[in-house]
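# Commentary on secondary and tertiary structure
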Amino acid sequence: MGMNVGKCNLCLQERPLLKKSHIIPDFIYRESNIYHKDHTIHKIDLTQSFRGNVTKRGKQRSGEYEGSILCQNCDGKIIKEYEDYAKVILYGKESSNVNKLLYSFSYGEIAVENIDYRKLKLFFLSILWRAAISSRPFFKEIILDEKKLEELREMIFTGNPKNNLDFPMLFFLDAGDDPRLKQYIGQPVAGIDNNSFLFTFPGILVYYLFDTGIIPDKLLKYQILNSGDIRFMRLSSKQIWELFRFLFG
Ligand SMILES: [Zn+2]
């Protein structure tokens, strides 16, 4: 039962590598109650869905994970720090060593102030990076060039989130009632130019983009900012499908 020794993708050192590293963190599946009674989860192929084809439901045993990509320290310490923090923000898990969060709710958005820009941004970037290095078919559309991969790796490894314009992301909350979006993990899809990627988590959509010029200005505020704010745009189910069509149709 020994672990493989090989080069860890994050620290680039020769280390014993874990047999199981999650690409999409396990807590996103657990906290959002999408595990079925038999511990399978459903996933949908969004590209098929929004192009009008019948929703295809794939069943899988657990979340998406892969072996021999990360060492214990990188998975269990570096990435775990970001994941632990994201749990607090996304699922309201109590924690005494996190600053008090200031929420404001309005019809069109939810804003949270006093967030840790470094940890939360690197959490979301670590998912993009893990998906890009993964060989799992579920992430086949997530292809980053070597330069971007290396820049992301270094940011995640050294804990440097850089500035607002470095690897920006937009956040959307599903405020509608389409169960396809609430309960399923959508297969991440790439924009036509391969310069943007949409990840669909239960109730939350994250749109990674390398060029904010392709986005209408009014959407740009739905980001993580180094002033310690994150804004989520609330969308109805209909608006989400329209967004898919706008971005990927
Ligand atoms: Zn490592």
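Now for a quick tour of the structure. (Residues numbered from 1 in each chain as written. Predicted model: local features only at pLDDT ≥ 70, side-chain atom pairs only at ≥ 80, totals over all residues. Heavy atoms only, no water.)

### Points about the overall build of the chain
Helix and strand content of the chain: seven helices and 14 strands. Counting every position in the chain, which comprises 249 residues, the buried fraction comes to 53%. Taking the intrachain contacts of the chain between residues at least 6 apart in sequence as the baseline, contacts between residues at least 24 apart amount to 70%. Summed over all atoms, the accessible surface of the chain reaches about 12,100 Å², with 49% contributed by carbon and sulfur. (Helix = DSSP H or I, 4+ residues; strand = E, 2+ residues; numbered from the N terminus. Buried < 20%, exposed > 50% of the residue type's maximum accessible area, 1.4 Å probe, protein only. Contact = heavy atoms within 4.5 Å. Areas by Shrake-Rupley, 256 points an atom, 1.4 Å probe, with all protein chains shown as cover.)

### Some words on the coordination of the zinc ion
Coordination angles at a metal have ideal targets, namely 109.5 degrees for four tetrahedral donors and 90 or 180 degrees for six octahedral donors. Donor atoms from the polypeptide that coordinate the zinc ion comprise C8 (SG), C11 (SG), C71 (SG) and C74 (SG), at 2.3 Å from the metal. Relative to the metal, the four donor atoms surrounding the zinc ion lie at angles of 104 to 116 degrees, and the coordination shape comes out tetrahedral. Mapping the donors of the zinc ion onto the primary sequence yields the spacing C-x2-C-x59-C-x2-C. Taken as a pair, C8 in the loop between β1 (5-7) and β2 (14-16) and C74 in helix α3 (residues 72-91) lie far apart in primary sequence, 66 residues in all. Using a relative accessible area of 0% as the deciding quantity, one classes C8 as buried. (Donors = N, O, S within 2.8 Å, 3.2 Å for Na, K, Ca; no water. Tetrahedral: all angles 85-135°; square planar, octahedral: opposite > 155°, others 65-115°.)

### Structural notes on the packing of α3 against helix α5 (residues 146-158)
Two numbers describe how α3 lies on α5: the axes approach to 9 Å, and their chain directions differ by 85 degrees. Comparing their axes, α5 and α3 come out roughly perpendicular. Residues C74, I78, I79 and Y82 of α3 form the contact with α5, whose participating residues are M155, I156 and F157. Each residue belonging to the contact of α3 with α5 can be placed in one class, and the counts come to seven nonpolar, no polar and no charged. (Axes fitted to C-alpha atoms, helices over the stretch in contact; angles between N-to-C directions. Parallel < 35°, antiparallel > 145°, perpendicular 65-115°, else oblique. Nonpolar A, V, L, I, M, F, W, Y, C, P; charged D, E, K, R; others polar.)

### Thoughts on the side chain of Q187
Looking at the element boundaries, Q187 is found in strand β10 (residues 185-190). Residue classification places Q187 among the buried residues on the basis of a relative accessible area of 10%. Separated by 3.1 Å, the side chain of Q187 and the backbone oxygen of F138 make a polar contact. (Polar contact = N/O pair within 3.5 Å; in protein donor to acceptor, adjacent residues only side chain to side chain.)

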